[in-house]
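Structural overview for review
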Amino acid sequence: MSACRARVLELAVLGHLAEAPMHGYELRKRLNCELGAFRAFSYGSLYPCLKEMQRSGLVTSARDDSTPARGRRSRIVYRLTSSGRDHLLRLLAECEPATDDDECFGVHFTLFARTRAEVRLRILAGRRNRLQERLDCLRQRMEQTAQEADPYVLELNRYRAEALEREVGWLDDLVRQERHRFESRHDGQSGDAGWAGQYSDADQRTEVPDATGTRRTHGAHGPRGTSETVPPRPGAPPPPTPPVDLEQ
């Protein structure tokens, strides 16, 4: 398994174990049900991942003897440790280029309820830009080959372009909703979803890309409507480019 695929699986496992302890079989079933990208994953992929996380102190395991099945060994229950919870929070705070690809984006999206608002916005904007680039390339290729292309190939490309257009529109709607939610939170109308209580006041100084790509900091307890332009934190990923017009 590639390093990127292994990291995505680790994030998905930690995110599901954060909800409740699970047997390996139950965890695999949840992954297969909720994450289409993991339908190809087998026990051969999941259990080495769990063993590695045990060695790293991210999860613990214990046999469940409460309801032993006749003729079968008791199942092993996996639980998230405090280190695993901290590691999950760090992973959820990341916004790397890999979060825009098909597999990573799906996993991050299922964990958006535990992700801070500014990170959600940046991931959505990055995904939207990536798909827009695909759509532009596809349209250009269709225009260049329209005359000599096989009609069935052309029809397939038209179908792909329509699917990309729908997803870009869906992402535009999500970006607008997240922007409204973010502004409402700072107006005191609602709180952010997820593990907001686990972040300090300093962590709640949120950085959100505006329409020009400039990151502006909003203090958690600052006066309404105030903001200041700040340089990126060392090691922080750059805002997505090209920027998305979040106000349209």
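Conventions and cut-offs
- Residues numbered from 1 in each chain as written.
- Predicted model: local features only at pLDDT ≥ 70, side-chain atom pairs only at ≥ 80, totals over all residues.
- Heavy atoms only, no water.
- Axes fitted to C-alpha atoms, helices over the stretch in contact; angles between N-to-C directions.
- Helix = DSSP H or I, 4+ residues; strand = E, 2+ residues; numbered from the N terminus.
- Parallel < 35°, antiparallel > 145°, perpendicular 65-115°, else oblique.
- Contact = heavy atoms within 4.5 Å.
- Nonpolar A, V, L, I, M, F, W, Y, C, P; charged D, E, K, R; others polar.
- Core = buried A, V, L, I, M, F, W, Y, C linked by side-chain atoms within 4.5 Å.
- Buried < 20%, exposed > 50% of the residue type's maximum accessible area, 1.4 Å probe, protein only.
- Pairing = 2+ DSSP bridges.
- Left-handed = near helix turned anticlockwise from the far one by under 90°.
- Salt bridge = Lys/Arg side-chain N within 4 Å of Asp/Glu carboxyl O.

1. Remarks on the packing of helix α1 (residues 3–17) against helix α5 (residues 102–110)
It is at 10 Å that the axes of α1 and α5 come closest, and there the two elements cross at 10°. The pairing of α1 with α5 is recorded here as roughly parallel in orientation. Across from Cys4, Arg5, Arg7, Val8, Leu11 and Ala12 in α1, the residues of α5 making contact are Glu103, Cys104, Val107 and His108. Here the contact of α1 with α5 is composed, by residue class, of 6 nonpolar, 1 polar and 3 charged.

2. Things to note about the nonpolar core
Residues Val13, Leu14, Leu17, Leu27 and Met53 are the most contacted members of the largest nonpolar core, which totals 25 residues. Residue contributions to this core peak at 7 residues, all from α1. Within the second largest apolar cluster, 18 residues are counted, among which are Cys95, Leu154, Leu164 and Val168.

3. Some details on the environment of Gly84
Summarising the element assignment, Gly84 is placed in helix α4 (residues 82–92). For the pair Gly84 and Val59, spaced 25 residues apart in sequence, the C-alpha to C-alpha distance is 6.2 Å. Apart from residues lying up to four places away in sequence, Gly84 is in contact with Leu14, Gly57 and Leu58.

4. With respect to the pairing of strand β3 (residues 75–80)
Strand residues, when the strand is regular, have side chains that alternate between the two faces of the sheet. The pairing of strand β1 (residues 22–23) with β3 spans 2 bridges and is antiparallel. In the strand pairing of β3, Met22 is matched with Tyr78. As judged from the 6 bridges shared by strand β2 (residues 59–64) and β3, these two strands associate in the antiparallel manner. Looking at β3, one finds that Asp64 is bridged to Arg75.

5. Here we look at the sheet that holds β1
Strand order in the open sheet formed by 3 strands is β1-β3-β2, with antiparallel pairing between adjacent strands. Lying at the two open borders of the sheet, with one neighbouring strand each, are β1 and β2. Together, β1, β2 and β3 form the strand contacts of α1, whose direction differs from that of β3 by roughly 90°.

6. Some remarks on the packing of α1 against α4
Close contact between α1 and α4 brings their axes to 10 Å; oriented N to C, the two are set at 125°. It follows that α1 is oblique to α4 by the angle criterion. Between α1 and α4 the crossing geometry is left-handed. Contact residues: Arg7, Glu10, Leu11, Leu14 and Gly15 in α1; Gly84, His87, Leu88, Leu91 and Leu92 in α4. Among the residues forming the contact of α1 with α4, the class breakdown is 5 nonpolar, 3 polar and 2 charged.

7. Looking at the environment of Glu167
Structurally, Glu167 can be placed in helix α7 (residues 151–186). Each C-alpha atom of the pair Glu167 and Gln132 lies 9.3 Å from the other, and the pair is 35 residues apart in sequence. Apart from residues no more than four positions distant in its own chain, Glu167 is found in contact with Arg127 and Leu131.

8. So, the pattern of salt bridges
Tallied over the full model, the rule gives 14 salt bridges. Across the pair Glu19 and Arg114 runs a salt bridge whose closest N-O atoms are separated by 3.8 Å. With Glu19 in the loop between α1 and β1 and Arg114 in the loop between α5 and α6 (117–144), the pair connects residues that are 95 residues apart, well separated along the chain. On the accessibility criterion, Glu19 (43% relative accessible area) is partly exposed. A cluster of three or more residues bridged by salt bridges with shared partners is formed by Asp102, Arg127, Arg134 and Glu167.

9. Focus: α4
Along α4, the positions that sit buried rather than exposed are Gly84, His87, Leu88, Leu89, Leu91 and Leu92. Where α4 is buried, its residues meet α1, β3, α5 and α6.

10. Some points on the environment of His16
Tracing the chain through its elements places His16 in helix α1. For His16 and Arg30, which are 14 residues apart along the polypeptide, the C-alpha to C-alpha distance reads 8.1 Å.

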